[in-house]
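Breakdown of the fold
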Amino acid sequence: MATAAAGALRRDVVKESIFVWEGRDRTGKKIKGEMRAGGSAVVNATLRRQGINVTRVRKQRLGGGKRVTEKDIALFTRQMATMMKAGVPLLQAFDIVAKGHSNPRVTKLLLDIKSDVETGSSLAAAFRKQPLYFDTLFCNLVQAGEQAGILETLLDRLATYKEKILAIKSKIKSAMFYPVAVIVVAFVITAVIMIFVIPAFKQVFVSFGADLPAPTLVVMGMSDFFVEYWYLIFGVLIGGIWGFFALWKRSQAVQIAMDRWLLKMPLFGELVKKSVIARWTRTLSTMFAAGVPLVEALDSVGGASGNYVYVIATKQIQQEVSTGTSLTTAMQNANVFPNMVVQMTSIGEESGALDNMLSKVADFYDQEVDDAVEALSSLMEPLIMVVLGVLIGGMVVAMYLPIFKLGQVV
């Protein structure tokens, strides 16, 4: 009896796949379609019962495709929230979203989650099996929605939260992309001038047989070094950048040091700090509004901020709050939040509208990030032009000085 039950259980949890089939109906007409089943034998048996003579069955490959991004997860969350609000059953909503996605990896991910839910797993538990794509915050909010019977509302809040976080990350990337791109282009142009252009000038100057100006000699010396050791320069530069990012991913000490430096960095430091505070307050607001207890909510808030300084501060705040300290006092003791954030939190605690106040703080800092990005863009453009002008123009003038002197002598 127990063996039979175990066998039935094993059959229930067989992973299903999508099969593409071709065949002929009772009239001999060619037809084809897709079916989700545990194996090709199941597809054949099901179609035979429908009077279809199967000629070909193959498993649809869902590998390949682009990697699953945060944007994919945000879009999936929004689509699920919309369909569930419209009354579409959960499993049907998964099917619609999965089959409608252009990325095969997203399709496979969603069908795997659907399969887990079909075998009796809760939606939150199914998401927890995919930690690479669904973090603790996401799973906790889904669990809270399932328990309270307001899953569609929580999915809507999650979708809004993810869209806001993606928007703020996009603003930070756009602010940093321009100067980085210009620096890379400037380095490439400088290397080309040093390796190919200046040596040609050098051959001409040697034929003059006269003493060359000091700036020209300096630039020619730099050019000789580039020509002789170009492979070493590029190797060290590329290897250093690759090694730094590899170390950054693997070493927590390096991550903490970099996160601290980012907050103190000239020009960009305030921008990074404002974006981190916006993420921190929005995450806590979203979780608190979902009914998650404050101490449990703080578990996810630090990691969602994206900065180790705030991760450490959040752990300190959580410890103090768990011992009876108010959130406002704990945030003051952490000494990483501006006075305005602390005051708004205090008002929220006193009025019983903490989630609403934190949401307003997040909106304020989102706008601050927008304004900071615009200000930085207008500041960086002339600054970069001045740097490029001095760098490239300095080399050009240094190489033309001997020609100018020769013209004066003639």
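Coordinates for the structure precede this section.
The rules we used
- Each residue is numbered by its place in its chain's sequence as written, counting from 1.
- Local features are withheld for residues below a pLDDT of 70 in this predicted model, meaning they are given only at 70 or higher, and side-chain atom pairs are given and counted only at 80 or more; totals for whole chains, interfaces and linings count all residues.
- Think of the side-chain values as coming from all heavy atoms in the structure, minus any hydrogens and water.
- Helix and strand definitions here come from DSSP, where helices need a minimum of 4 consecutive H or I residues and strands a minimum of 2 consecutive E residues; each element is numbered from the N-terminal end.
- Residue burial is assigned from relative accessible area. The probe radius is 1.4 Å, only protein chains are included, and a residue is buried under 20% of its type maximum, exposed over 50%, and partly exposed in between.
- What makes two residues a contact is simply this: any of their non-hydrogen atoms within 4.5 Å.
- Reported accessibility uses the Shrake-Rupley method at a 1.4 Å probe radius. Residues are deemed covered only where the shown protein chains occlude them.
- Neither His nor the chain ends is counted toward charge; the positive residues are Lys and Arg and the negative residues Asp and Glu.
- Throughout, a charge is located at the NZ atom of Lys, the CZ atom of Arg, the CG atom of Asp or the CD atom of Glu.
- Residues forming no salt bridge and having over 30% relative accessible area are the ones grouped into patches, like charges within 9 Å of each other and nonpolar side chains (Val, Leu, Ile, Met, Phe, Trp, Tyr) within 5 Å.
- Only one rule defines a salt bridge in this text: a Lys or Arg side-chain nitrogen within 4 Å of an Asp or Glu carboxyl oxygen.
- Helix axes use the C-alpha atoms of the stretch in contact, all axes being lines fitted to C-alpha atoms, and the angles between their N-to-C directions lie in the range 0 to 180 degrees.
- Each angle receives one of four descriptions, namely roughly parallel if under 35 degrees, roughly antiparallel if over 145, roughly perpendicular if within 65 to 115, and oblique otherwise.
- Should the near helix be turned counterclockwise from the far one by less than a right angle, the crossing is left-handed, whereas a clockwise turn marks it as right-handed.
- Arc definition: it is the arc formed by the directions from the helix axis to the C-beta atoms.
- Note on aromatic contacts: the rings of Phe and Tyr and the six-membered ring of Trp form a pair at centre separations within 6.5 Å, being stacked when their planes are under 30 degrees apart, edge-to-face when over 60 apart, and tilted otherwise.
- We call a set of buried residues a nonpolar core when its members are Ala, Val, Leu, Ile, Met, Phe, Trp, Tyr or Cys and they connect through side-chain atoms within 4.5 Å of each other.
- Residue polarity is assigned by list, with Asp, Glu, Lys and Arg as charged and Ala, Val, Leu, Ile, Met, Phe, Trp, Tyr, Cys and Pro as nonpolar; anything else, Gly included, falls into the polar class.
- Take the number of residues in a helix, subtract one, and multiply by 1.5 Å to get its expected span.

Looking only at helices and strands, one finds 16 helices and 3 strands in the protein. A principal-axis box enclosing the C-alpha atoms of the protein has dimensions of 105 × 70 × 40 Å. For the protein, the proportion of its 410 residues judged to be buried stands at 40%. Taking contacts inside the protein between residues at least 6 apart in sequence as the whole, the part at least 24 apart equals 61%. When the accessible surface of the protein is summed, it comes to about 22900 Å², and 61% of that surface belongs to carbon and sulfur atoms. Taking the 44 positively charged and 34 negatively charged side chains of the protein as two groups, their mean positions are separated by 11 Å.

Right, let's talk about a nonpolar patch on the surface for a bit. Nonpolar side chains collect at one region of the surface, where Val180, Val184, Val188, Val192, Phe196 and Val197 lie side by side and expose about 520 Å² of accessible area between them. Position of valine 188 relative to the elements: it lies in helix H8 (residues 151-206).

A few words now on the packing of helix H11 (residues 268-289) against helix H12 (residues 294-305). At a minimum axis separation of 9 Å, H11 and H12 run at an interaxial angle of 150°. The angle between H11 and H12 places the two elements in the roughly antiparallel class. H11 and H12 meet at a crossing whose hand is right-handed. Here Val276, Arg279, Trp280, Thr283, Leu284, Met287 and Phe288 of H11 lie close against H12, whose contacting residues are Leu294, Ala297, Leu298, Ser300, Val301, Ala304 and Ser305.

Moving on, we get to helix H2 (residues 40-49). Of the residues making up H2, those classed as buried are Val43, Thr46 and Leu47. For H2, the angular spread of the buried residues around the axis is 95°, confining them to a single face. More than 90 degrees from the buried face of H2, the exposed residues found are Ala41, Arg48 and Arg49. Among the residues trailing H2, glycine 51 stands out with phi positive, at a value near 80°.

Bringing the packing of aromatic side chains into the picture now. Enumeration according to the criterion identifies 13 aromatic pairs in this entry. Ring centres of phenylalanine 76 and phenylalanine 94 lie 5.7 Å apart, and the angle between their planes is 40°; this geometry places the pair in the tilted category. Of this pair, phenylalanine 76 sits in helix H3 (residues 70-85) while phenylalanine 94 sits in helix H4 (residues 90-100), and the two are 18 residues apart along the sequence. On the numbers, 5.5 Å between centres and 70° between planes, the contact of phenylalanine 187 with phenylalanine 234 is edge-to-face. Of this pair, phenylalanine 187 sits in helix H8 while phenylalanine 234 is found in helix H9 (residues 214-250), placing the two residues 47 residues apart along the sequence. Exposure remark for phenylalanine 187: the relative accessible area of 27% places this residue in the partly exposed category.

The next subject is the nonpolar core. Ranked by internal contacts, the top residues of the largest apolar core, which has 79 residues, are Phe127 and Ile317. Apart from the residues within four sequence positions on either side, phenylalanine 127 is in contact with Phe76, Phe94, Ile113, Phe134, Phe138, Cys139 and Val142. Counting residues in hydrophobic clusters, the runner-up holds 13 residues, among them Ile193, Val219, Phe226 and Ile233.

With that settled, the discussion passes to the pattern of salt bridges. Counted under the stated rule, the structure contains 11 salt bridges. With a shortest N-O distance of 2.7 Å, aspartate 366 and arginine 282 are connected by a salt bridge. With aspartate 366 in helix H16 (residues 354-409) and arginine 282 in helix H11, the pair connects residues that are 84 residues apart, well separated along the chain. The same class applies to aspartate 366 as to arginine 282, namely buried.

What follows deals with the packing of helix H7 (residues 136-148) against H11. For any two helices packed against each other, the geometry is given by the interaxial angle and the distance between the axes. Where H7 meets H11, the axes come as close as 10 Å, and the angle between the chain directions of the two elements is 20°. In this view, H7 runs roughly parallel relative to H11, as classed from their interaxial angle. Crossing handedness for the pair H7 and H11: left-handed. Facing H7, whose interface residues are Leu137, Asn140 and Leu141, H11 presents Thr283, Thr286 and Met287. The residue makeup of the contact of H7 with H11, split by class, is 3 nonpolar, 3 polar and no charged.

By secondary structure assignment, the location of valine 387 is in helix H16. Note on valine 387: relative accessible area 51%, which makes it exposed.

Our next topic: H11. Along its 22 residues, H11 runs 32 Å from first to last C-alpha, staying within 8% of the 32 Å computed at 1.5 Å per residue. Of all the 22 residues making up H11, 18 are buried; the element is thus mostly covered by neighbouring parts of the structure. Phi turns positive one or two residues past the end of H11, at glycine 291, with a value near 90°.

Here the focus is the environment of threonine 329. Checked against the element boundaries, threonine 329 lands in helix H14 (residues 327-334). Considered as a pair, threonine 329 and aspartate 370 are 41 residues apart in the sequence and their alpha carbons are 30 Å apart.

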